[in-house]
Amino acid sequence: MPAKPKTTNCPICGKPPVAAYRPFCSARCKQVDLGRWLSGDYVIPGQPVPENDEEES
Ligand SMILES: [Zn+2]
């Protein structure tokens, strides 16, 4: 088996990462990932997001 490449692509969109935002490719992707963990929501401007009502208030 070949060794894994050192570079891990952006987990959000799969693009090569930018040093300033590693392992993400941009501030937006970083925010998207943070948003997932913090709120469980997917906040991606310009992209429709299905609503998951797992928690009822
Ligand atoms: Zn990205």
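Look up a bit, the structure's there.
Residues numbered from 1 in each chain as written. Predicted model: local features only at pLDDT ≥ 70, side-chain atom pairs only at ≥ 80, totals over all residues. Heavy atoms only, no water.

Draft legend 1. Quick peek at the overall build of the chain. Counting secondary structure elements, the chain contains one helix and zero strands. Each of the 57 residues in the chain was classed as buried or not, and the buried ones make up 12%. Long-range contacts, defined here as pairs at least 24 residues apart, represent 3% of the contacts in the chain between residues at least 6 apart. For the chain, the accessible area works out to roughly 5300 Å², and carbon and sulfur atoms hold 53% of it. (Helix = DSSP H or I, 4+ residues; strand = E, 2+ residues; numbered from the N terminus. Buried < 20%, exposed > 50% of the residue type's maximum accessible area, 1.4 Å probe, protein only. Contact = heavy atoms within 4.5 Å. Areas by Shrake-Rupley, 256 points an atom, 1.4 Å probe, with all protein chains shown as cover.)

Draft legend 2. Examining the coordination of the zinc ion more closely. In the first shell of the zinc ion, the protein supplies C10 (SG), C13 (SG), C25 (SG) and C29 (SG), at 2.3 to 2.4 Å from the metal. With four donor atoms in place around the zinc ion and angles of 97 to 122° between them, the coordination shape is tetrahedral. For the zinc ion, all donor residues lie on one chain, and their spacing in sequence is C-x2-C-x11-C-x3-C. Here C10, found in the segment before α1 (27–39), pairs with C25, found in the segment before α1; they are 15 residues apart in sequence, far enough to count as distant. Each member of the pair C10 and C25 is classed as buried. (Donors = N, O, S within 2.8 Å, 3.2 Å for Na, K, Ca; no water. Tetrahedral: all angles 85-135°; square planar, octahedral: opposite > 155°, others 65-115°.)

Draft legend 3. Main features of the environment of R28. One can find R28 in helix α1. Along the backbone, R28 and I12 are 16 residues apart, and their C-alpha atoms lie at a distance of 9.6 Å.

Draft legend 4. How the structure looks around a nonpolar patch on the surface. Residues L34, W37 and L38 make up a contiguous nonpolar surface patch of about 430 Å² in total accessible area. Looking at the secondary structure, you find W37 in helix α1. (Patch = residues over 30% accessible without salt bridge, like charges linked within 9 Å, V, L, I, M, F, W, Y side chains within 5 Å. Salt bridge = Lys/Arg side-chain N within 4 Å of Asp/Glu carboxyl O.)

Draft legend 5. Region of the structure containing α1. For α1, spanning 13 residues, the distance from its first C-alpha to its last is 18 Å, which sits close to the expected 18 Å at 1.5 Å a residue. Taken as a whole, α1 has its buried residues at C29, V32, D33 and G35. Along the long axis of α1, the arc covered by the buried residues comes to 155°, so they all point the same way. Along α1, the residues that are exposed and aim more than 90 degrees away from the buried face are Q31, W37 and L38. (Expected span 1.5 Å × (residues − 1). Arc of directions from axis to C-beta.)

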